[in-house]
Amino acid sequence: LTHLCLCLFRFCVLGLNVICIFALAWVPFVAAGGLPAVLQILTRLFPFGRGLCHAYWAPNVWVVYNVVDKVLVKILGARGEGAAVMTGGLVTETKHIWLPHISPLISAVLSLA
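Attention here is on the structure that accompanies the text. A quick note: this is a predicted structure, and the numbers were derived from the prediction, not measured.

Our next topic: the overall build of the protein chain. On a plain count of helices and strands, the protein chain comes out with three helices and zero strands. Going through the 113 residues of the protein chain one by one, you find that 19% of them count as buried. Accessible surface, the protein chain: about 8,500 Å² in total, of which carbon and sulfur atoms supply 76%.

Below is the structure:
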């Protein structure tokens with residue numbers, strides 16, 4: 001029992017060290033810009049707003065999804081929103097015209113699933 005308690009204590013100390021070092025790494029960003037700076041960093045680290053076309057686990061599926069939407073725009077024409085906007089060589093958010101929009105939350109859930 002004492003060995004188990006010692007192992008649990010060491011595990012908690014290790015966890016506390018990791019949490020403190022992680023928090024210490026974020027201090028300069030919080031001090032410089034507050035919460036908006038941290039949110040900007042997180043959106044750049046996890047760019048779910050751009051859609052899953054930029055994800056690593058299934059980019060081909062989402063490229064086909066984007067291409068199908070572009071083909072539908074060519075065949076059926078643009079609806080009231082204008083032209084479909086995909087990546088186009090620039091880092092932007094994806095906007096589909098005919099296919100349903102994949103929200104950043106859905107992108108995050110599918111990436112993490």
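Right, let's talk about helix 1 (residues 2-45) for a bit. The α-helix winds at 3.6 residues per turn, so residues separated by three or four positions along the chain end up facing the same way. Here helix 1 contains 44 residues, and its C-alpha end-to-end distance of 43 Å is more than 12% below the 64 Å for a straight helix at 1.5 Å per residue. Remark: the principal bend of helix 1, roughly 125 degrees, maps to Gly33, with a proline, Pro36, within the next four residues. Every buried residue of helix 1 is listed here: Trp26, Gly34 and Val38.

Take a nonpolar patch on the surface next. A cluster of nonpolar residues, Leu35, Leu39, Leu42, Leu45 and Phe46, forms a patch on the protein surface that exposes about 500 Å² of accessible area. Examined against the element boundaries, Leu45 turns out to sit in helix 1. Given the relative accessible area of 52%, Leu45 is considered exposed.

Before going further, it helps to examine the packing of aromatic side chains. For any pair of aromatic rings, the description rests on two quantities: the centre-to-centre distance and the angle between the ring planes. By the definition in use, this model includes two aromatic pairs. Through pairs of rings, three or more aromatic residues link up here, namely Phe22, Trp26 and Phe29.

Reading the values: the criteria
- Residues numbered from 1 in each chain as written.
- Predicted model: local features only at pLDDT ≥ 70, side-chain atom pairs only at ≥ 80, totals over all residues.
- Heavy atoms only, no water.
- Helix = DSSP H or I, 4+ residues; strand = E, 2+ residues; numbered from the N terminus.
- Buried < 20%, exposed > 50% of the residue type's maximum accessible area, 1.4 Å probe, protein only.
- Areas by Shrake-Rupley, 256 points an atom, 1.4 Å probe, with all protein chains shown as cover.
- Expected span 1.5 Å × (residues − 1).
- Bend = angle between axes of the 7 residues up to and from the residue.
- Patch = residues over 30% accessible without salt bridge, like charges linked within 9 Å, V, L, I, M, F, W, Y side chains within 5 Å.
- Salt bridge = Lys/Arg side-chain N within 4 Å of Asp/Glu carboxyl O.
- Phe/Tyr/Trp six-rings, centres within 6.5 Å; stacked < 30°, edge-to-face > 60°.

Taken by themselves, the reported measurements are silent on function.
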